[in-house]
Structures are given as C-alpha cells and as structure tokens.
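As a plain string of letters, each chain reads:
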Amino acid sequence: MNLNEPIAAISTPYGRGGIAVIRLSGEGVLPLADRFFLPAKGVKLCDLEGNTTVYGHIFHNGAEIDDGIAAVFRAPHSFTGEDTVEISCHGGIVLANAVLESAISSGCRYAGAGEFTKRAFLNGKLSLSQAEAVMGLIDAVSEEGLKLSSAQARGVLSSKIDAFRSRLTDIIASVYAYIDYPDEDLADMTADELSRNISLLLKDMKVLLGTYRIGRAVCEGIVTAIAGKPNTGKSSVLNRILGKERAIVTGIAGTTRDTVEETVNIGKITLRLCDTAGIRGTDDMIEKMGVERSRKLLCDAELILAVFDSSQAFDGEDYEFIETLKETKAEIIPILNKSDLPTEADVSLIHSIGKPICLSAVTGEGFDKLYEKISELFISEKIDYNTTPVIANARQYAALSAACEHIETAEKALASGFTQDVAGLDLEQALQRLADFDGRAASSEITDCIFSRFCVGK
C-alpha cells in the first residue's frame with residue numbers, strides 16, 4: 001500500500017442526514033478534486049490557500065448533482081499532515097456514494113480502515129497513544145471516558161511518557177560516559193545519584209502504571225459476573241441494574257442456562273455485565289454446559305457480584321459457592337438479595353468473602369449502596385480526567401509494565417554491587433519499551449492491528 005497516493009472515503013456515518021463529508025488526502029488531491037468540484041467564484045481548489053472553505057458545485061460523470069462546501073487543508077497543516085480536501089454535500093446515501101465515486105474516478109483510491117489516522121501517525125501528527133485516543137473519542141460511552149480520551153488526544157499521556165524517556169535518556173547517557181571513560185570521572189551522576197534517580201523514575205512510572213485499573217474501568221469496562229446458585233435472583237439483579245427486562249425471570253431454578261451479556265454505565269464506570277447460569281451440580285446436559293461457562297467466567301472476571309438469597313437458610317450449594325469464590329482473583333461484592341423478605345440465612349458466613357450489601361431486586365432498595373461500593377473499588381475521585389495522564393488500554397499497560405520491569409532489574413543489579421554497564425543493558429531495554437508505548441519503535445503488526453479497529457473514513 002502506497003501511503004503517499006491520494007485516498008478518499010465517506011467520513012460521516014452511512015445513511016441519510018443533513019450533510020455527508022467525503023474526505024480526500026494525499027499527494028495531488030487538490031487538482032484531482034478540481035475535476036469534480038467547481039468553486040462558484042471561479043477559482044480552482046489547487047489555487048486556494050490552506051484552511052480555506054469555498055462554496056461550489058459538485059459533478060458526477062460530467063453532470064452537476066449537488067452543491068456544497070469544500071474545505072482545503074495544505075500539508076503539513078492538516079489532520080493527516082498531507083494535502084487534504086473535505087467536501088460537504090447533502091446527506092443522502094446515493095448522493096454521498098456518487099461524490100465518492102467521482103473522487104475515485106478522478107484518481108483517488110478507496111481508503112482503508114483508519115488510514116487517515118494512520119497517516120497522521122506516520123507523518124508525526126499524532127503519537128500512537130493519541131491515535132488510540134481518537135478511537136476512544138468515537139467509542140466513548142460515558143462522560144468520563146470522553147474526558148479521558150480527549151486528554152489523551154491532546155497529548156497529556158504522551159507528554160508524560162516523553163518526560164519519562166527524557167529522564168531515562170539522561171540516566172543512560174551517564175552510564176555511557178562511565179563505560180567509555182571509567183577513569184575520567186566524566187559521568188553526570190555518581191553511582192549513588194544514578195541509583196537514586198533510577199529509583200525515583202521507577203516510582204513515578206509505577207504511579208502511572210497504577211492508573212490502568214481506573215482507565216480500564218472508564219474506557220474499556222469492567223468484566224463483571226453476576227453469579228450464585230440457582231434461584232437467588234441473579235437475573236432480577238441484572239434487570240434492575242439495566243433498568244429493563246433483559247433476562248427471563250421465573251421461580252423455576254435453572255432458568256438461565258447461558259451467559260446473558262450487557263454493557264451499562266454505573267456512575268463513572270462502565271460494567272460489562274454477564275448474568276451466569278446458577279452454579280450447582282446437575283445431570284441436565286444443557287444446564288451443565290451453562291454451569292461450566294459460569295465457572296470459567298468467574299476465573300476471567302474482574303468483579304463478581306455474588307448473589308445469595310437472604311430469605312432462605314444456606315445449604316450445601318451456598319457453602320460450595322463461597323469456597324469457589326475464595327479461589328478467584330476478582331474483586332467480590334457479596335449481595336444478600338430479597339431484603340424485602342424476612343431473613344433466614346446465616347449472613348455471618350458471607351463475611352469470609354467480603355462485607356455484604358443487602359438489597360432487593362424487587363423494590364430497588366440497596367442498589368445505591370451497591371453502586372457506591374463499585375465506584376470505591378475502581379474509581380478515584382482525586383483524578384481529573386481532563387488533565388491527569390491515565391493508562392487506558394492493555395497495550396499501553398503492557399509496554400509501560402515491561403519498561404518498569406527492566407528498570408527494576410537495573411536497580412537490583414546496582415544494589416547487588418554490579419557495575420553501571422551491567423545495569424545499562426536493562427535501562428536500554430526499558431527505553432525501547434517506552435518507545436514502543438508511543439509508536440517510536442512499534443512494529444507494523446501492532447500499528448496495523450490498532451488502526452484496523454477504526455472505521456473507514458477516519
């Protein structure tokens with residue numbers, strides 16, 4: 001794929017609307033756009049200055065089909081860093097496709113998924129984390145997610161990573177001076193200063209690493225399992241959280257035989273909810289498959305809403321479920337459902353897995369306390385999503401985590417009495433991982449994977 005050749009795509013959602021925008025970018029797009037867009041004032045698009053809009057007439061196969069606005073952006077002052085034209089026409093499906101076909105027949109090729117943003121990245125207009133933030137802006141499902149993605153798109157996170165790289169580069173430069181001139185005392189830092197600076201850098205990087213829990217909760221959503229033995233009201237809890245009748249609710253145990261999945265915003269958090277089949281022993285083949293899926297989900301979940309029926313005395317299935325929960329690594333919130341009925345269960349047994357919350361899926365009582373508890377686990381009220389750098393996805397977390405591991409190894413090497421050149425090997429690896437973070441050294445497979453998630457036209 002030639003990343004300099006002119007490309008075109010419809011950048012607005014497919015369908016009927018007030019306007020549609022067809023974007024063209026690449027070498028020579030201005031004279032190509034002149035072939036089917038005629039400005040009303042008689043000038044050519046290729047004669048206009050950048051950051052200029054002009055009203056004109058749009059042609060397809062030699063016939064005028066619409067009038068609209070053309071916005072001209074000249075390299076490097078455009079989103080992609082290339083010459084770009086954005087043509088706004090009336091928002092009809094056939095009409096927008098006709099304008100796009102005119103661009104293609106004039107010499108553009110169809111843009112691939114995310115190709116405009118990929119060109120912006122390759123041309124140095126965006127870092128990789130900023131490019132990911134563009135997708136975050138598009139996919140945002142909460143106000144906090146929008147704020148966080150907006151901050152990343154403005155470079156709040158990439159600036160923090162740049163600062164880490166600069167500090168690490170200074171440390172490595174001092175190590176190089178020691179290696180090249182061990183007897184000349186040319187290093188900027190003594191061995192003690194080097195150790196202290198490494199420790200301070202590692203501490204700051206781990207603070208940023210710790211924001212991933214919050215970033216994931218806001219942007220990606222927390223994988224949340226609603227689990228328990230049959231007939232404790234799991235599906236009723238799901239329906240109450242969603243505010244709609246999503247799962248079938250009956251008095252018959254084992255009604256839910258497969259996972260029911262939904263996404264919902266709870267305050268500042270996005271939950272990826274899964275209502276699971278009741279966990280119990282069964283000879284029913286279909287129910288048994290559902291139970292196995294439930295057990296697997298308990299292993300994969302980050303949060304488990306463990307539902308118990310407080311109106312019934314606990315039995316062997318409840319005890320077995322409690323022991324199963326103790327083996328998971330997820331955060332657990334025990335829920336004593338049916339608080340609108342007299343309590344018969346020995347609730348003291350629940351405290352071994354966490355402080356229970358009493359609620360009623362019928363009346364809605366106690367759900368506000370549940371939401372508060374979830375927020376306490378995953379959200380910090382001290383963070384300003386508009387200004388604070390936050391790790392928002394698994395790729396970023398993996399790159400920064402790897403960098404921290406290498407710096408930690410270097411720190412231990414110095415503490416064990418090894419010379420600076422030994423620590424320098426891991427410091428260089430850490431610098432490479434930070435370069436991966438923002439795309440300075442990311443492989444084409446990684447970047448291709450990221451941009452393939454974008455829609456065509458972005």
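Refer to the structure above for everything that follows.
Rules and cut-offs
- Residues numbered from 1 in each chain as written.
- Predicted model: local features only at pLDDT ≥ 70, side-chain atom pairs only at ≥ 80, totals over all residues.
- Heavy atoms only, no water.
- Pairing = 2+ DSSP bridges.
- Helix = DSSP H or I, 4+ residues; strand = E, 2+ residues; numbered from the N terminus.
- Contact = heavy atoms within 4.5 Å.
- Axes fitted to C-alpha atoms, helices over the stretch in contact; angles between N-to-C directions.
- Left-handed = near helix turned anticlockwise from the far one by under 90°.
- Nonpolar A, V, L, I, M, F, W, Y, C, P; charged D, E, K, R; others polar.
- Salt bridge = Lys/Arg side-chain N within 4 Å of Asp/Glu carboxyl O.
- Buried < 20%, exposed > 50% of the residue type's maximum accessible area, 1.4 Å probe, protein only.
- Phe/Tyr/Trp six-rings, centres within 6.5 Å; stacked < 30°, edge-to-face > 60°.
- Polar contact = N/O pair within 3.5 Å; in protein donor to acceptor, adjacent residues only side chain to side chain.
- Parallel < 35°, antiparallel > 145°, perpendicular 65-115°, else oblique.

*Asks:* Honestly, the sheet that holds strand 4 (residues 52-60) in this entry has me stumped. Any pointers?
*Replies:* Strand pairing within a sheet occurs via backbone hydrogen bonds; the two strands may be parallel or antiparallel. Here seven strands make up an open sheet; going across it, the order is 3-4-5-6-2-1-7 and the pairing mixed. Pairing within the sheet leaves two strands with one partner each, and these edge strands are strand 3 (37-39) and strand 7 (109-110). Bridge count between strand 5 (residues 63-73) and strand 6 (residues 84-91): five bridges; the pairing is antiparallel. Paired with Ala71 across the strands is Glu86, a residue of strand 6. Each of strand 1 (7-10), strand 2 (17-25), strand 4, strand 5, strand 6 and strand 7 is contacted by helix 2 (residues 93-105), which is oriented at about 180 degrees to strand 1, the strand it contacts most. Contacts from helix 3 (residues 115-122) reach strand 1, strand 2 and strand 7 within the one sheet, and its direction differs from that of strand 1 by about 135 degrees.

*Asks:* Just to check I follow, could you spell out the packing of helix 5 (residues 143-153) against helix 8 (residues 212-220) for this structure?
*Replies:* A pair of packed helices is characterised by two quantities: the angle between their axes and the separation of those axes. Between helix 5 and helix 8, the shortest axis-to-axis distance is 8 Å and the interhelical angle comes to 115 degrees. As for how helix 5 packs across helix 8, the hand of that crossing is left-handed. Note on element contacts: helix 8 touches helix 5 through Gly215, Val218 and Cys219, opposite Glu144, Gly145, Leu148 and Ser149. Grouping the constituent residues of the contact of helix 5 with helix 8 by class yields three nonpolar, three polar and one charged.

*Asks:* Is there a simple way to think about the pattern of salt bridges in this case?
*Replies:* When their charged atoms lie close together, side chains carrying opposite charge are able to pair. Under the defined criterion, the tally for this structure stands at 16 salt bridges. Where Arg109 meets Glu115, a salt bridge forms, and the shortest distance between an N and an O atom there is 2.6 Å. Accessibility expressed as a relative area gives 19% for Arg109, which makes it buried. By relative accessible area, Glu115 is classed as buried at 3%. A salt bridge links Glu323 to Lys326, with the shortest nitrogen-to-oxygen separation between them at 3.2 Å. Of the two residues, Glu323 and Lys326 both sit in helix 11 (residues 316-326), three residues apart, roughly one turn of that helix. The class for Lys326 is partly exposed, based on a relative accessible area of 43%. Through salt bridges with shared partners, one network takes in Glu5, Glu82, Arg109, Glu115 and Arg119.

*Asks:* I would appreciate a short explanation of the packing of aromatic side chains in the present structure.
*Replies:* Each aromatic ring pair is characterised by the separation of its centres together with the angle its planes make. Going through the model one piece at a time under the given rule, you end up with four aromatic pairs. When the centroid spacing of 4.6 Å and the interplanar angle of 25 degrees are considered together, the rings of Tyr212 and Tyr397 count as stacked. Here Tyr212, found in helix 8, pairs with Tyr397, found in helix 13 (residues 394-415); they are 185 residues apart in sequence, far enough to count as distant. Tyr397 sits in the partly exposed class, given a relative accessible area of 32%.

*Asks:* I keep staring at the sheet that holds strand 8 (residues 222-227) and nothing clicks. Help me out?
*Replies:* Spatially, the six strands line up as an open sheet ordered 9-10-8-11-12-13, and their pairing is mixed. Of all strands in the sheet, those with a lone pairing partner are strand 9 (260-266) and strand 13 (357-358), marking the two edges. Bridge count for strand 11 (residues 303-309) against strand 12 (residues 331-337) is seven bridges, and the pairing is parallel. If you follow Ile304 over to strand 12, its bridge partner there is Ile332. Contacting strand 8, strand 10 (269-275) and strand 12, helix 8 crosses the sheet at an angle of about 70 degrees to strand 10. Across the sheet, helix 12 (residues 367-378) is in contact with strand 8, strand 9, strand 10, strand 11, strand 12 and strand 13; its angle to strand 12 comes to roughly 175 degrees.

*Asks:* So what exactly am I meant to see when it comes to the environment of His60 here?
*Replies:* Of note, His60 is situated in strand 4. The contact partners of His60, leaving out residues within four places of it in the chain, are Ile65, Ala98, Glu101 and Ser102. Here the side chain of His60 touches Asn61 through a polar contact of 3.3 Å, side chain to side chain.

*Asks:* Mind showing me how you'd approach the side chain of Lys234 here?
*Replies:* Along the chain, Lys234 turns up in helix 9 (residues 234-242). On the accessibility criterion, Lys234 (6% relative accessible area) is buried. A polar side-chain atom of Lys234 sits 3.1 Å from the main-chain carbonyl oxygen of Lys229.

*Asks:* In this structure, what is going on with unusual backbone geometry? I would like to understand it.
*Replies:* Glycine aside, residues mostly have negative phi angles, and peptide bonds mostly take the trans form. A cis amide bond links Ala75 to the next residue, Pro76, at an omega of 0 degrees. Structurally, the position occupied by Pro76 is in the loop between strand 5 and strand 6. In this structure, Asn61 takes a positive phi of about 55 degrees despite not being glycine. For Asn61, the position within the fold is in the loop between strand 4 and strand 5. On the accessibility criterion, Asn61 (71% relative accessible area) is exposed.

*Asks:* Would you take a moment to explain the environment of Leu431 for this structure?
*Replies:* As for its position among the elements, Leu431 is in helix 14 (residues 420-437). Taking C-alpha positions, Leu431 is 9.9 Å from Cys404, a pair spaced 27 residues apart along the chain. Among all residues touching Leu431, those that are not within four sequence positions of it are Arg165, Leu168, Thr169 and Ile172.

*Asks:* Help me understand the packing of helix 9 against helix 12 in this model?
*Replies:* Between helix 9 and helix 12, whose axes approach to 12 Å, the crossing angle comes to 80 degrees. The pairing of helix 9 with helix 12 is recorded here as roughly perpendicular in orientation. Facing helix 9, whose interface residues are Val237, Arg240 and Ile241, helix 12 presents Phe367, Leu370 and Tyr371. Looking at the contact of helix 9 with helix 12 residue by residue, the class counts come to five nonpolar, no polar and one charged.

*Asks:* Help me understand the pairing of strand 9, please; the structure alone is not making it clear to me.
*Replies:* Sheet faces and side chains relate simply in a regular strand, where the side chains alternate between the two faces. Sheet topology note: the strand 9/strand 10 ladder contains seven bridges and is antiparallel. Bridging from a neighbouring strand, Ile266 pairs with Ile269 of strand 10. Linkage of strand 9 to strand 10, two consecutive antiparallel strands, is achieved through a turn of two residues, within which Gly267 is found at a positive phi near 65 degrees.

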